[in-house]
Every structure is written in C-alpha cells, then in structure tokens.
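An overview of the molecular structure
The chain contents come next:
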Amino acid sequence: MDRHLVPVKPRLFAERPCPRCGAEGPEALGMVVPGVHMLGDYRCRACGYAFLHDLPVGFAVDHDVAIGREDGTLHDARGAEGWVWGPLLEGFRNPSDRAVRIERRVLRPARRVVLLNTLDFLYGHVLLKLWNAQYYLEAHKDLGLVLIVPRSFAWMVPEGTAEVWEVDLRLGEAHGWYRAIDRYVQERLGEYEEVYLGKGYAHPDKSTIDIERFCGVAPFDMARYDQAPRHITFVLREDRLWYSSRAARTLHRVLRRAGLGGSARPLFTAAQERLARRVLRRVRKRYPDVQATFVGLGDARAERDGVKDLRTRRMTVEVERDWCRAYARSQFVIGVHGSNMLLPTALAGGCIEVLPYDRYRNIVQDVAVRQRDVMQLFLYRFVDEYATPAAVARHAVSMFADHRVFHRNNRINIF
Ligand SMILES: [Zn+2]
C-alpha cells in the first residue's frame, strides 16, 4: 500500500488510539468532511468513547487532533498549534447551515478514486495542496483523481483529473464547519467502489511539478536563459510591502494602529513602486534593453519607463494567465516573501526575494524551486528586509551577467 494514500472505502483508516483510554483499533463509523478538515468518525471498542480524529491529510499529516463527540473535548496529543485546531473546534461547536454551492464537473468517470481536498483559508496552502495532484495522476493512473477546490482555483485543475468539485466559498470563509459540504461528500462517496484520500502535503517537491499542466502556460525555458530577451517581473503586493527602512515600516505600523491605514497605504505602496523602479533604472545602466512587468493586486499606472503594468484589483482567469505569461518570459521575478511568489517562481527562471526578519523560519516555503543542484544558489536569492535598490540591482545584474559561466562550470564541465 502506497503510504501517500489514506484508505476510506471499503475500509476506513483506523490507526487511531482512543483519546480517553488509549485502546487501539477503534470501530470506524465513517468520514466527516466539514471543509478544510477530513475527520474519521470512531468509537472505542474498549470504553465506548465516541470521537472524531483528523485523517492524516493536509496540515493534519503532522498536526492531527481529536474531538470527543459527546463532551466536545479537544485531544491534542501531538501538541498542534492553535491556528490548526482553533477554527476546527470553533466550527465543531458552531456548525454552519449555510447552503454552500458545490459544482461537480465529471471529466473522466471513475469508480475507484483518490479524493484530494485542497480547501484552505490561505491562498498558498490551497496552491501547494493542489500541486499534490500531479503525484496521484502519475503514480496511480488506475485511480481517478477527484479534486475538491475553491472555485477561484478551478482554472488551475491539471489535465487528466477525473472530477472537480468546485466549492463556492471565499478563502477567508473556508475554515468554517459546513454541514452542506459534509452532506455533499457523503452523497458522492456512495457512488464509488473504492476511495482513498490524497495527502495534500504542504511542501511538495516543486522541482518535479509540471506547471504547464496546471496553468496552461509553459515555464521559462532555462536552455534559453542567456539568449532570451532580458525580462524581469516585479511582484508588488500591497498587504506586505518592501520598505526602504525600519523607520518607514514602523511609521506605517503606527499609522495603521491609529486607524489611518487606509489613507496611509497609497503613500507606502507608492514608495515600494519607487524602489522597484530604482532597481530597474540601475539594471538598465548595464543592460538598457531589459524589459519589465509589474503584477499584483493594485492599481495600474500609466506606462512609464517602458514597464508593462498588469496590476489590477479584479482577478479573472485571463488576468491570471496574463500574469503567468509574464513570469514565463522572465529570467527572474523580484518581490517580497509570501505565497504571492509561488506561481511566479514556478514559471520564471529564478527570483530575488525580499525576506522580512519575521519570516526567516518560512524561508523558501513560498518559492517553487525548479532546480535540484547548485544552480539553486545562483537562481534563488534572498535579500535583507530593508535591502536597498542598489543591493537588489547588483543581484539582478549578476543573474544576467554571470549565468553563462556559472552554468557552464556547474552543469557542463563536471562529472
Ligand atoms: Zn477508549
């Protein structure tokens, strides 16, 4: 049995000791799927305690908890952090009867399936869970892949998927306990002979992801790194900014706390844009032909410095694909750490990332590293939270100027 499959039907995974008396091998009554979490419904054969326990998928691979059916007690034997179980427990105590709309698309009927649940309240988490799909498509061609996705991700469903269940919830709402989602899953489960759950690991190996299969755009062709027109895409998000100094960041924080965040924001986003334009001007002193694109949720400006500004506040599938095509034209992308860097790095050749001090423990979680050898060190660069445009531009110039030799030394003239 593949350890990356969790059996559900005909026999549910039951390697869960009773949280009250510790007896192994509880009676498995069924599965409960209220949204993000997928729980086994168990009853202890020794003491009769009825409990729900996370099945080992998504963040519950390592952070599984159990909840007593009757007493509502949380059993957190593995010391999961509050952000994992807090919303779950809250949802269990206050389930929602909201009529969540789910649209099913059957692309390739199957009776034996892997169910991969990508629902999550954070954009990056959904994307990373979705990238797990490729493993099941390749390693288990005899099983149909059934994807549960937030509707806004439906455009990225990979070729070869058997079924898509599009859930009409905003990401911020995904953490609830929705009886409608559970009912829907129960009805569907009856239709299959054999059901497994896909793992939904939070950090799948990105170097093996065939990103074109997901977003329909071929990634930057590394074989043409030195010949392709020089292009940089700047990923400019407004909710996490590149600041010129600690003082600027502190000032922004003070203004936000004073309730002036709304009126202060344009000043700070404009400052971030100035930093990006200064990088570009410096790089162009060495390479006047460099083209650039801006993307991000924000307001596009009139064209200046020959920058193609694709920023918008209205996301559509066409915008998503336009941004993807910009990344795929770029030797590298430049932006601040965050899930906003996942898709750009999956498609571009590399990146320069501004890494805030409070994100060091999350380093590279947001970067889809396409290389598996020392080329990583050349192509993926992390700079100080308050890096100057000059510092970023030095890296950018080097990534254009030094690639040919670095590549030859480390890819060609070696054993
Ligand atoms: Zn027991």
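Residues numbered from 1 in each chain as written. Predicted model: local features only at pLDDT ≥ 70, side-chain atom pairs only at ≥ 80, totals over all residues.

**Concerning the sheet that holds strand 7 (residues 102-106)**
What links the strands of a sheet is backbone hydrogen bonding, and the strands pair in either a parallel or an antiparallel sense. Taken in spatial order, the six strands line up as 1-11-8-9-10-7 in an open sheet, and their pairing is mixed. The open sheet terminates on both sides in strands that have one partner only, identified here as strand 1 (5-9) and strand 7. Averaged over neighbouring strand pairs, the angle between their axes works out to 25° when direction is ignored. Across five bridges, strand 8 (residues 112-117) lies against strand 9 (residues 144-150) in parallel orientation. By the bridge assignment, Leu116 is partnered in strand 9 with Leu147. (Pairing = 2+ DSSP bridges. Helix = DSSP H or I, 4+ residues; strand = E, 2+ residues; numbered from the N terminus. Axes fitted to C-alpha atoms, helices over the stretch in contact; angles between N-to-C directions.)

**A look at the packing of helix 7 (residues 261-286) against helix 11 (residues 389-401)**
Helix 11 packs onto helix 7 with a crossing angle of 45° between their chain directions and a minimal axis gap of 8 Å. What the angle tells us is that helix 7 and helix 11 run oblique. Helix-helix and strand crossings are classified by hand; for helix 7 and helix 11 the assignment is right-handed. Here Leu275, Arg278, Val279, Arg282, Val283 and Arg286 of helix 7 lie close against helix 11, whose contacting residues are Pro389, Ala390, Val392, Ala393, Ala396 and Val397. Among the residues making up the contact of helix 7 with helix 11, the classes are represented as nine nonpolar, no polar and three charged. (Parallel < 35°, antiparallel > 145°, perpendicular 65-115°, else oblique. Left-handed = near helix turned anticlockwise from the far one by under 90°. Contact = placed C-beta atoms within 7 Å. Nonpolar A, V, L, I, M, F, W, Y, C, P; charged D, E, K, R; others polar.)

**Quick notes on the sheet that holds strand 13 (residues 291-295)**
Spatial strand order, 14-13-12-15-16-17: six strands in an open sheet with parallel pairing. At either end of the open sheet lies a strand with only one pairing partner, and these are strand 14 (307-309) and strand 17 (380-383). Neighbour to neighbour, the strand axes of the sheet diverge by 20° on average, direction disregarded. Examined bridge by bridge, strand 15 (residues 332-336) and strand 16 (residues 351-354) share four bridges and lie parallel to one another. What sits directly across from Gly335, in strand 16, is Glu353. In this fold helix 8 (residues 317-328) packs onto strand 12 (231-235), strand 13 and strand 15, with an angle of close to 145° to the strand it touches most, strand 13.

**A short note on the domain arrangement of the chain**
Here the chain is described as being made up of domain 1 (11-93), domain 2 (102-204) and domain 3 (212-412). Put simply, the middle of domain 1 and the middle of domain 3, counted by C-alpha atoms, are 41 Å apart. (Domains from an automatic or database assignment.)

**Considerations on the pairing of strand 11 (residues 194-198)**
Among the five residues of strand 11, four are classified as buried, and the element is accordingly described as predominantly covered. Inspection of the sheet shows strand 1 paired to strand 11 by four bridges, in the antiparallel sense. When the bridges of strand 11 are listed, Val6 appears paired with Leu197. Pairing analysis gives four bridges linking strand 8 to strand 11, with the strands arranged parallel. Opposite Val113, over in strand 11, you have Val195 as the bridge partner. (Buried ≥ 20, exposed ≤ 12 C-beta atoms within 10 Å, placed from the backbone.)

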